Amino acid sequence: MSNVYGEWLKARRGTAGLTQQELADIAIMTRSHIAHIEAGRRIPSREDARRLDAALGTGNVLQSFLPKQDVAVADYFGTALELEQQATVIHEFALSLVPGVLQTERYARAVLRPNVTPRSEEEGDKLLVTRLERAKILSDPATPLFCALLDEAVLHRHVGSPEIMAEQLAHVIGMVERERIRFHVIPFGAGYHPLLQGTLSLMMFDDQPPVAYGEGVLMGRLHDSPALVETLQRTYTLVLGDALPRKESLALLRAKAKDYGHHD
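Just so it is clear, the model here is predicted, and its values are computed rather than measured.

K.L.:
I'd love a proper account of the overall build of the chain, names of residues and values included.
P.N.:
Counting secondary structure elements, the chain contains 12 helices and 6 strands. By the burial criterion, 45% of the 264 residues in the chain qualify as buried. Expressed as a percentage of contacts within the chain between residues at least 6 apart in sequence, the contacts between residues at least 24 apart total 72%. For the chain, the computed accessible surface area is about 13,800 Å², with 53% contributed by carbon and sulfur atoms.

K.L.:
Before we move on, can you summarise the nonpolar core with the specific residues and values?
P.N.:
With 38 residues, the main nonpolar core has L102, L138, F146, I181, F183, M203 and L253 as its most contacted residues. Within the second largest apolar cluster, 14 residues are counted, among which are L23, A24, M29 and A49.

K.L.:
Describe the pattern of salt bridges, naming the residues involved and giving the relevant values.
P.N.:
With the rule as written, the count across this model stands at 11 salt bridges. The shortest N-O distance in the salt bridge between R106 and E163 comes to 3.5 Å. Remark: E163 occurs in helix α10 (residues 162-177) and R106 occurs in helix α7 (residues 105-112); sequence separation between them is 57 residues. E133 is paired through a salt bridge with K136; the nearest N and O atoms lie 3.0 Å apart. Using a relative accessible area of 39% as the deciding quantity, one classes E133 as partly exposed. By sharing partners, the salt bridges in this structure join E47, R50, R51 and D224 into a single network.

K.L.:
Before we move on, could you go through the side chain of D151 and cite the residues and values that matter?
P.N.:
Position of D151 relative to the elements: it lies in strand β2 (residues 145-151). Buried and unpaired, D151 has R157 as its nearest opposite-charge partner, separated by 7.9 Å. The residues touching D151, leaving out its near neighbours within four places in the chain, are F93, A94, L95, I186, F188, H193 and L196.

K.L.:
Please provide a residue-by-residue account of the sheet that holds strand β6 (residues 219-223), values included.
P.N.:
Sheet architecture is open: 6 strands sit in the order β3-β2-β1-β4-β5-β6, paired in mixed fashion. Each end of this open sheet is capped by a strand with a single partner; those strands are β3 (181-186) and β6. In this sheet, neighbouring strand axes are inclined to one another by 10 degrees on average, regardless of whether the strands run parallel or antiparallel. Where strand β5 (residues 211-216) lies against β6, 5 bridges are found, and the strand directions are antiparallel.

K.L.:
Requested: an account of the packing of aromatic side chains, with residues and values cited.
P.N.:
Within this structure, the stated rule accounts for 0 aromatic pairs. The aromatic ring of Y260 is capped on one face by K256, whose charged end is 5.0 Å from the ring centroid.

K.L.:
Before we move on, can you summarise the pairing of β3 with the specific residues and values?
P.N.:
Of all the 6 residues making up β3, 5 are buried; the element is thus mostly covered by neighbouring parts of the structure. Note that β2 and β3 share 6 bridges and pair parallel. Paired with F146 across the bridge in β3 is I181.

K.L.:
Help me get a handle on unusual backbone geometry, residues and values and all.
P.N.:
Looking along the chain, the bond that leaves T143 and enters P144 is cis, with omega of 5 degrees. Even without being a glycine, I28 presents a positive backbone phi close to 55 degrees. Topologically, I28 is positioned in the loop between α2 (20-27) and α3 (31-38). Exposure remark for I28: the relative accessible area of 61% places this residue in the exposed category. Located in the positive-phi region is E179, a residue other than glycine, with phi close to 60 degrees. By secondary structure assignment, the location of E179 is in the loop between α10 and β3.

K.L.:
Any chance you could break down the packing of helix α1 (residues 4-15) against helix α4 (residues 46-56) for me, citing the residues and the numbers?
P.N.:
Two quantities define a packed helix pair, namely the angle between the helix axes and the distance between the axes. Remark: α1 packs on α4, axes separated minimally by 11 Å, with the N-to-C direction vectors making an angle of 30 degrees. With respect to each other, α1 and α4 are oriented roughly parallel. Of the two possible hands of crossing, α1 and α4 adopt the one that is left-handed. Contact with α1, carried on its side by Y5, L9, R12 and R13, involves A49, L52 and L56 of α4 and no other residues of that element.

Calculation criteria
- Residues numbered from 1 in each chain as written.
- Predicted model: local features only at pLDDT ≥ 70, side-chain atom pairs only at ≥ 80, totals over all residues.
- Heavy atoms only, no water.
- Helix = DSSP H or I, 4+ residues; strand = E, 2+ residues; numbered from the N terminus.
- Buried < 20%, exposed > 50% of the residue type's maximum accessible area, 1.4 Å probe, protein only.
- Contact = heavy atoms within 4.5 Å.
- Areas by Shrake-Rupley, 256 points an atom, 1.4 Å probe, with all protein chains shown as cover.
- Core = buried A, V, L, I, M, F, W, Y, C linked by side-chain atoms within 4.5 Å.
- Salt bridge = Lys/Arg side-chain N within 4 Å of Asp/Glu carboxyl O.
- Lys, Arg positive; Asp, Glu negative; His and termini not counted.
- Pairing = 2+ DSSP bridges.
- Axes fitted to C-alpha atoms, helices over the stretch in contact; angles between N-to-C directions.
- Phe/Tyr/Trp six-rings, centres within 6.5 Å; stacked < 30°, edge-to-face > 60°.
- Lys NZ or Arg CZ within 6 Å of the ring centre and 35° of its normal.
- Parallel < 35°, antiparallel > 145°, perpendicular 65-115°, else oblique.
- Left-handed = near helix turned anticlockwise from the far one by under 90°.

These results come straight from atomic positions and should not be treated as a statement about function.
Rendered as structure tokens:
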């Protein structure tokens, strides 16, 4: 991003006579996170900006002039998208669809096709580009550490066509085989588990507390309460314990990809 935003923050901090650590303490952030924002390496979340405005007495300036990104997402996902780009560890649970960052172009296009609310072709293209751009977080060979925990229903949920499904599962298989992601399937035989109520993304960072993002039908919510995030992390770990081991999960994935590939 342009560093005008970071330089302005640094100038306001200097005017207030605060060190990075002092500002971090007041805004309930870490010093390194402040340093990244000032250096232009990070875009603060809207909540970060609100806290900085409050700490510096700048009204809502830092919130109003957050650097714009040419992305198209649902309003409730905006902050979560920013944090997803910054996370060093992501633990994802998917209930019925392949997680967004793992979706192929044709699978994503099928998921994003207009349904309840009509949209123009241009709007649809913007949504698709944003969805595919998210996948670039996995272009780095090591960061973020990404664990995908999928309910078996995801593999059986027919999206688009058998050809699209075969292509999508082959993409995930490639990511697993290259050991770029950890992948586990919760089999139908596991019965009820406490993550069945929606999707969940747990994001961890080097320089700020972890957050959780949950999503349902046309709604989503970001959680940063330490107690709630800890509970969700514990729930994820417990469900992961009921999932198939890596090799068995991969075998199931390959079998389903083969089924779709042989479909007439």
